[in-house]
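Structural characterization, general
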Amino acid sequence: MLKETRSTCCYCGVGCGVIITSEDDRITGVRGDPDHPANFGRLCTKGSTLHLTAKLDTRVLQPEMRTSRHSPRQPTDWDTALDHVADRFAETIREHGPNSVAFYISGQLLTEDYYVFNKLAKGLIGTNNVDTNSRLCMSSAVSGYKLTLGADAPPACYEDIDHTACLFIAGSNTAYAHPIIFRRIEDAKARNPDMKIVVVDPRRTDTATFADLHLAIQPGTDVALFNGMLHIMLWEGMLDQAFIREHTNGFDALKETVREYTPKMVADICGIREADLVTAAKWFGSGPSLSMYCMGLNQSIHGSDKNAALINLHLATGQIGKPGAGPFSLTGQPNAMGGREVGGMANLLSGHRDLDNPEHRAEVAALWGVEDVPATPGKTAVEMFDALKSGEIKAIWIACTNPAHSMPDLNQVRAALENAELVVLQDAYGNTDTNIYADVVLPATSWGEKEGTVTNSERRITHITPAVAKPGAARHDWEIVVDFAQRLEQRLGKANTLFNYLVPETIFNEHRESTRGRDLDITGLSYQILDTQGPQQWPLNEKVSTGLQRLYSDGIFPKPDGRAQFHIAHYKPTADKTDARQPLHLLTGRLRDQWHGMSRTGTVAQLFNHVDEPVISLNQQDMERRQIKPGDLVKVSNKRGSLTLRAQPSDEIQPAQSFIPMHWGSQFMSGLGCNALMPSAFDKISRQPELKHTAVKLEKVELAWQMTVMRNSNDMHLLEAIRRLLPGFDYASCGLYGRGNGMVVLQAAHHAAPDAAVIDALDALLGMTEGAPMLNYQDARRGISKRILVEPDVATGRQQVTGVRLIGETLAAEWLREVMTEGQFSDELRRWALAPLSAPPTGQRSRGKIVCNCLNVAENEIIDTIQMGADFITLQNKLKCGTQCGSCVPELKKLVQLHGRTAA
Ligand SMILES: Nc1nc2c(c(=O)[nH]1)N[C@H]1C(S)=C(S)[C@@H](COP(=O)(O)OP(=O)(O)OC[C@H]3O[C@@H](n4cnc5c(=O)[nH]c(N)nc54)[C@H](O)[C@@H]3O)O[C@H]1N2
Ligand SMILES: Nc1nc2c(c(=O)[nH]1)N[C@H]1C(S)=C(S)[C@@H](COP(=O)(O)OP(=O)(O)OC[C@H]3O[C@@H](n4cnc5c(=O)[nH]c(N)nc54)[C@H](O)[C@@H]3O)O[C@H]1N2
Ligand code: SF4
Ligand SMILES: [Mo]
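Here is a short report on the structure shown in this document. Here the structure is a predicted model, which is why all the values come from computation and not from measurement.

1. Topic: the sheet that holds strand E2 (residues 17-23)
The 3 strands lie next to each other as E1-E2-E3, forming an open sheet whose pairing is antiparallel. Edge positions in the open sheet fall to strand E1 (2-8) and strand E3 (26-32), since each of these has one partner strand only. Taken over all neighbouring pairs, the strand axes of this sheet differ in orientation by 25° on average, direction set aside. Pairing geometry for E2 and E3, over 6 bridges, is antiparallel. Looking across to E3, one finds that Thr21 is bridged to Gly29.

2. Section: the packing of helix H28 (residues 859-867) against helix H29 (residues 872-879)
Orientation of H28 relative to H29, taken along the N-to-C sense of each, is 125°, at an axis distance of 10 Å. Compared by their axis directions, H28 and H29 come out oblique. When you trace H28 past H29, the crossing you get is right-handed. Of H29, the residues touching H28 (which contributes Glu861, Ile862, Thr865 and Ile866) are Leu875, Lys878 and Leu879. For the contact of H28 with H29, the per-class residue count stands at 4 nonpolar, 1 polar and 2 charged.

3. Quick notes on the packing of aromatic side chains
Within the structure shown, the criterion is met by 22 aromatic pairs. Through a chain of ring-to-ring contacts, the aromatic side chains of Phe89, Phe103, Phe117, Trp397 and Phe484 assemble into a single cluster. Arg723 extends its terminal NZ or CZ atom over the ring of Phe668, reaching a point 4.7 Å from the ring centre. One Lys or Arg, Lys786, reaches over the ring of Tyr777 and ends 5.4 Å from the middle of that ring.

4. So, the pairing of strand E34 (residues 799-807)
Among the 9 residues in E34, 8 count as buried, and that is most of the element. Here strand E33 (residues 784-792) pairs with E34 via 8 bridges, running antiparallel. The partner of Ile788 across the bridge, within E34, is Val804. The antiparallel hairpin formed by E33 and E34 contains 6 residues in its connecting segment, where Gly797 sits at a positive phi of about 80°.

5. Some details on the pairing of strand E13 (residues 326-329)
Residue alternation in E13 divides its side chains into two sets, Gly326 and Phe328 and Pro327 and Ser329, and both sets are buried. Sheet topology places strand E12 (residues 289-293) next to E13; 4 bridges connect them, and they run parallel. Bridge assignment links Met292 to a residue of E13, and that residue is Phe328.

6. Notes on the site of ligand 1
Every one of the 33 residues lining ligand 1 counts as a neighbour, but Asp201, Gly220, Asp222, Arg590 and Gln594 are closest to it. Measuring from a nitrogen atom of ligand 1, one finds a backbone N or O atom of Gly296 at 3.4 Å. Taking Lys306, its side chain carries an N or O atom lying 3.3 Å from an oxygen atom of ligand 1. Protein chains bury 99% of the 910 Å² of accessible surface belonging to ligand 1 in isolation. For the shell around ligand 1, the secondary structure elements donating two or more residues are helix H5 (174-177) and helix H13 (295-298).

7. Focus on helix H3 (residues 139-148)
For H3, the tally of buried residues reaches 8 of 10 residues, placing the bulk of the element in the interior. By the burial criterion, the buried members of H3 are Ser139, Ser140, Ala141, Val142, Ser143, Gly144, Tyr145 and Thr148. Looking at the buried side of H3, the elements it contacts are E12, H13, helix H14 (303-317), E13, helix H15 (336-341) and strand E22 (564-565). Once H3 ends, the next one or two residues include Gly150, with phi positive near 105°.

8. Considerations on the nonpolar core
In terms of nonpolar packing, the biggest core is built from 79 residues, with Ile616 and Met707 touching the most fellow members. The dominant element in this core, judged by the number of residues it contributes, is helix H17 (residues 381-390), at 6 residues. Each residue touching Ile616, except ones within four places of it in the same chain, is listed here: Leu586, Val634, Val636, Leu645, Arg646, Ala647, Gln648, Ser658, Phe659, Ile660 and Leu698. In this structure, Ile217, Met233, Ile244 and Leu277 belong to the second largest nonpolar core, which totals 59 residues.

Criteria and thresholds
Residues numbered from 1 in each chain as written. Chains lettered and ligands numbered in written order. Predicted model: local features only at pLDDT ≥ 70, side-chain atom pairs only at ≥ 80, totals over all residues. Heavy atoms only, no water. Pairing = 2+ DSSP bridges. Helix = DSSP H or I, 4+ residues; strand = E, 2+ residues; numbered from the N terminus. Axes fitted to C-alpha atoms, helices over the stretch in contact; angles between N-to-C directions. Parallel < 35°, antiparallel > 145°, perpendicular 65-115°, else oblique. Left-handed = near helix turned anticlockwise from the far one by under 90°. Contact = heavy atoms within 4.5 Å. Nonpolar A, V, L, I, M, F, W, Y, C, P; charged D, E, K, R; others polar. Phe/Tyr/Trp six-rings, centres within 6.5 Å; stacked < 30°, edge-to-face > 60°. Lys NZ or Arg CZ within 6 Å of the ring centre and 35° of its normal. Buried < 20%, exposed > 50% of the residue type's maximum accessible area, 1.4 Å probe, protein only. Near = heavy atom within 4 Å. Polar contact = N/O pair within 3.5 Å; in protein donor to acceptor, adjacent residues only side chain to side chain. Areas by Shrake-Rupley, 256 points an atom, 1.4 Å probe, with all protein chains shown as cover. Core = buried A, V, L, I, M, F, W, Y, C linked by side-chain atoms within 4.5 Å.

In short, the description is geometric, and any link to function would need to be established separately.
Spelled out as structure tokens, the structure:
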């Protein structure tokens, strides 16, 4: 039976509404929900391929556990797994106290899931050791808001994009990380070409290319920039003195501070032109100005200062609480906001309450019906894994996050996981880096299967309902927590009263009660209202019928005297500094089509077409100086670790800087990924680590032996088997490619030829052994071995290349990949395959990366068309690229900018 279910996209904090189609309890399609106010029907590349992730082969569908540390895990049933975990937790708590256990959870959980985890730790066990991946993400935004405005509430909304005159984007690559917001920005700019867009980012991202002014500051220098802008606005008389006088405190002290941030000094620190600084200040000062910011500000040891220094600009100019104005932190994860609302962090309490406030603690204790909630703050992410390593924390429960991939200084984090007495992992997927450390795996339901609520970046809550039933033995996240909590209550000799929930709605209603009278009061909401009236913004209390679109319009802030507070921040450098031994800045961040550790996006072939391998991007100058050619392998290292990967020149990167995407970890490459290198140093206030920056050295690596493997298949078990080979090579990466079923890809290089048995085993996996219908060329003297599998297509009967395994001669790999994708076998290919050539036949040129993923349009076709004179519109008309989801539009415009000029 065909069914349609309204839900939201489970990727970023834009929180787009989706309509899921399912047939006989299987998800078959997804489209944007035209009625959802976050996206009005649009979806980006990731959202529009969500249904392709709804397959079960990489999911965990059965609880698994091991009883001794190094024995393999065995499948088991829920009772056995949860009794075991409850016994171990109870034992540990009895022997070592409540702070010997910890929960590390996630901004991708639903609010109801989050709520029960928090209550389990703080209400039942009596520990504040509950922290989340939001510590790596939004924690500095939280402290920035609280320091200045008094509460953790993004005051603006998406519609403000339509009303602003100056959009100030700092440390956010909106075009990649919040694509549907970027579509709104494009629309607003098209409607109002006078609107100014400023982008502050060391890299010339697609977002920066779209801007009227790109301030390519040196990494970590944002505070100097913001102070410098305030200095100029002050000098130019652009401040709103009445607003400062009536609604703020602390301006005089701030004035003293910014006095020294002269344009000259700031331009020097930031590495930008003085004139550009002045322009930015003038645009911001004229307003209305809306700032949007993300990890480039938050992931810093001065993240709280960076956030607060930017909010200072809004307060000093009165650019807050009115249309088109305000500081707007973009949330990363789909429900980072919900986690903050329920106070699911080591220093927070339910309903935006603070742990260090005795009244707040008493209120929460009364609500839960417990004697008290513990007063001492729990361990935050980095501290939690440190304590696990030292043995202070003995048992950890990890849910909906993958710390063995996403935490900084991974060698230490992995040592901590090794050292733990008990690691419980509650995840939906099995293909994660943390999975290998788990003693107990608890299978959770995931996108399309769950019920609960999420809050997006603009404070908007959506109620989602399941499209399909729970697969296998998987359970909902909240159900797992509730079942465990009841077992633990029993073992700790407590009454069975705290976790009597049968449906998530009961949890929501309790959470709702916790917000009564608070800044985020949602006492006027219910599941029923959300279902009938659609997603709503908070606050929305009992007395009103709609939520507040924009906060602080009355100039009253949630501080004791109702006034906002200016924050004094001085510029200080990054934790790691470059020097002669580590001369390169390394930045990290996101790609358009992948999501974090790729447990979901890494199962969709199409999402590898934009970027198919982990690379370090460098400035051309740095490549030349080191005699590194595009595609050469390099070793990137610092005192914490090292990583081997390919180097590529990029016009986005400044000299002496480099960039590695955060997505590839040991599931998709040999090595741990970029977080082997990142520092765990964190901001004193927000405790958020500096995941954006470190210093590294770079050496070219020459590996004598090279291999490329491609096999038409969507069998995740083949990918899984190939994945197990990765650690055996000095360099290796694996993944998928193509469209539809696509292919499994392995690239490898090694200092010497590996054992013949390794290759034999690989050939067997690929079904490319003697007797298979393939071309087979061996030249032992030159170290060349080529195998090309040719099979008839089931539908057309035409001969088709379905597998390639090349050793020693891999230059033709890209050409062969296209032959495989297009499914043609030719005599030319036969000639090439059976001769010791080193390059693809003349006239064969690869298409390059796929820029438009929806309509499968590649970079080289686009460049050719531009060079024949096409502008952006002609390009769209001719090739249709960028006409569906629009995620590639910024890149298309950039290509027109880059190649249009040369043609003219
Ligand atoms: N495609 C995709 N989208 C995502 C995600 C994903 O995994 N994939 N994840 C989601 C999540 S959880 C998050 S938190 C968001 C993150 O969204 P963003 O923060 O927008 O993305 P990042 O690429 O991490 O970092 C943004 C930019 O910060 C810049 N930067 C580095 N150092 C500095 C600095 O010192 N100052 C300034 N001003 N900029 C700096 C980087 O060059 C980078 O371009 O994305 C969300 N959306
Ligand atoms: N170097 C560097 N490191 C970074 C960053 C960076 O910019 N640079 N960014 C940081 C940021 S902002 C973030 S948010 C983190 C993200 O880092 P992680 O939280 O580690 O990222 P994910 O891969 O999204 O992990 C989510 C996990 O939940 C599982 N999952 C999915 N759905 C469900 C579900 O419904 N229930 C359960 N129980 N599990 C589910 C997935 O399989 C996956 O294993 O990374 C941080 N690390
Ligand atoms: S912008 Fe893309 S990833 Fe983010 S919620 Fe919307 S569809 Fe999902
Ligand atoms: Mo994030």
